[in-house]
Amino acid sequence: MENKITEILYDPTIGKLVTLFIGIAVIWIVIKFIQKKLFTKIDNVDNRYKAKKFGSFLGYIITIIFITIVYSNKLGGLTVAFGVAGAGIAFALQEVIASFAGWLAIMFGDFYKTGDRVQLGGIKGDVMDIGVLRTTIMETGQWVDGDLYNGRIVLIANSYIFKEPVFNYSGDFPFLWDEIKVPIQFGSNYEKAKQIILNVGLEVAGDLTLESKEKWNSLQKKYLLENAQTEPMVSLIANDNWVEFTLRYVVRYNKRRATKTDLFTKLLQQIEATNGEVKFASATFQIVETPDFNINLKK
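Bear in mind the structure is a predicted one, so any value in this text is a computation, not a measurement.

Scoring rules and cut-offs
Residues numbered from 1 in each chain as written. Predicted model: local features only at pLDDT ≥ 70, side-chain atom pairs only at ≥ 80, totals over all residues. Heavy atoms only, no water. Phe/Tyr/Trp six-rings, centres within 6.5 Å; stacked < 30°, edge-to-face > 60°. Helix = DSSP H or I, 4+ residues; strand = E, 2+ residues; numbered from the N terminus. Lys NZ or Arg CZ within 6 Å of the ring centre and 35° of its normal. Axes fitted to C-alpha atoms, helices over the stretch in contact; angles between N-to-C directions. Parallel < 35°, antiparallel > 145°, perpendicular 65-115°, else oblique. Left-handed = near helix turned anticlockwise from the far one by under 90°. Contact = heavy atoms within 4.5 Å. Expected span 1.5 Å × (residues − 1). Buried < 20%, exposed > 50% of the residue type's maximum accessible area, 1.4 Å probe, protein only. Arc of directions from axis to C-beta. Pairing = 2+ DSSP bridges.

Student: Just checking my understanding: could you explain the packing of aromatic side chains for this structure?
Tutor: Here the distance between the centres and the angle between the planes together describe a pair of aromatic rings. For the structure on display, the rule yields six aromatic pairs. With 5.3 Å between their ring centres and 80° between their planes, Phe173 and Trp216 make a pair best called edge-to-face. With Phe173 in the loop between β5 (167-168) and β6 (175-184) and Trp216 in helix α8 (residues 209-222), this pair connects stretches of sequence that are 43 residues apart. Taken together, the ring pairs in this structure connect Phe173, Phe175, Trp177 and Trp216 into an aromatic cluster. The positively charged end of Lys163 is found above the aromatic ring belonging to Tyr160, 5.6 Å away from the centroid.

Right under this line is the structure:
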């Protein structure tokens, strides 16, 4: 009985399995310790998240290297077999490999980061997590108007960054240009209407002018871009029904709906306060002149 126990303990296969188990356990204990004690002290949320992800990735790499070292004496005869099997596996798992490559591109290519609002694979929302194979998004829109959450969590393969455009609403320039259209009746005081609309735009969205201008200037230093006006501006056109004023302004990517509410609330109050000097137009129909009628009465 003792001889059998001794044979089992000194068996090379059992010894390597024990070494493998202990080594992997030590590797991950160290990785988790570093993530918990060191990475949690990083103040920047984005850098802390990337550090934890990199720590896990490093743990996987060290584990693979450790397994390779433990079984290095048996790898020589399996090289050809691995080569043949690897080609088949690469073909079968091409989507997985593409997603892993996409994860590397996202992490080091500055496509987007957690917290960014993006449109990826036809889905728009805020990035909750960037996994090795999939990006998790809290979706906005769809059956909900505006840029509000609808409660649906979507997992999108990272390989999509190589297949479709990636729209980032909050990357280097976390602002959007938005517009509202204000129909004004013919015969109103157009100059006063224009001044009211511009003043409301400056009051609601004017505080972002300086900040957005600084961000745009930084963007111009990084990319080849023309200068852009970030101050609110008003333009107008006349159509068959009314004079249409357009207020163009800069807004934070996640404040479009709230900003429009503030703008229209103040516009309604100030235009109504003109006592008819400026009037909103509506799609009503007015008969200006009736045609002549020829009536033939027969007895």
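Student: Got a minute to help me understand the packing of helix α7 (residues 190-205) against helix α9 (residues 256-272) in this structure?
Tutor: Two quantities define a packed helix pair, namely the angle between the axes and the distance from one axis to the other. Here α7 crosses α9 at 140°, and the two axes come no closer than 10 Å. With respect to α9, the axis of α7 lies oblique. For the crossing formed where α7 meets α9, the hand is right-handed. Residues Ile196, Ile197, Val200, Gly201, Glu203 and Val204 of α7 pack against Thr259, Asp262, Leu263, Lys266, Leu267, Gln270 and Ile271 of α9.

Student: What am I meant to see in α7 here?
Tutor: Each turn of an α-helix holds 3.6 residues, which means side chains three or four residues apart point in the same direction. With 16 residues, α7 extends 22 Å from end C-alpha to end C-alpha; this agrees with the ideal 22 Å at 1.5 Å per step. Taken together, the buried positions of α7 are occupied by Ala193, Ile196, Ile197, Val200, Gly201, Val204 and Ala205. The arc that holds every buried residue of α7, seen down its axis, measures 130°, which confines them to one face. In the core, the buried residues of α7 are packed alongside β6, α8, β7 (233-238), β8 (243-252) and α9.

Student: How do you make sense of the sheet that holds strand β2 (residues 123-130) when you look at a structure like this?
Tutor: For sheets, the rule is that strands pair by backbone hydrogen bonds, running either parallel or antiparallel. What the five strands build is an open sheet, ordered β4-β3-β2-β1-β5; its pairing is antiparallel. On the outer flanks of this sheet lie β4 (149-157) and β5, each paired with one strand and no other. Sheet analysis places strand β3 (residues 134-140) next to β4, joined by six bridges and oriented antiparallel. Pairing of Met138 across the sheet is with Ile153, part of β4. Contacts from helix α6 (residues 94-109) reach β2, β3 and β4, with the element oriented near 85° to β2.

Student: Even after reading the chapter, I still don't get the sheet that holds β8, so can you show me in this structure?
Tutor: Reading across the sheet, the three strands line up as β6-β8-β7 and stay open at both edges, with antiparallel pairing between neighbours. Each edge of the open sheet carries a strand with a single partner, namely β6 and β7. For this sheet, the mean inter-axis angle between neighbouring strands, taken without regard to orientation, is 25°. Of the strand pairs in this sheet, β6 and β8 are connected by 10 bridges, and their pairing is antiparallel. The partner of Lys181 across the bridge, within β8, is Thr246.

By themselves, these figures tell us nothing about what the structure is for.
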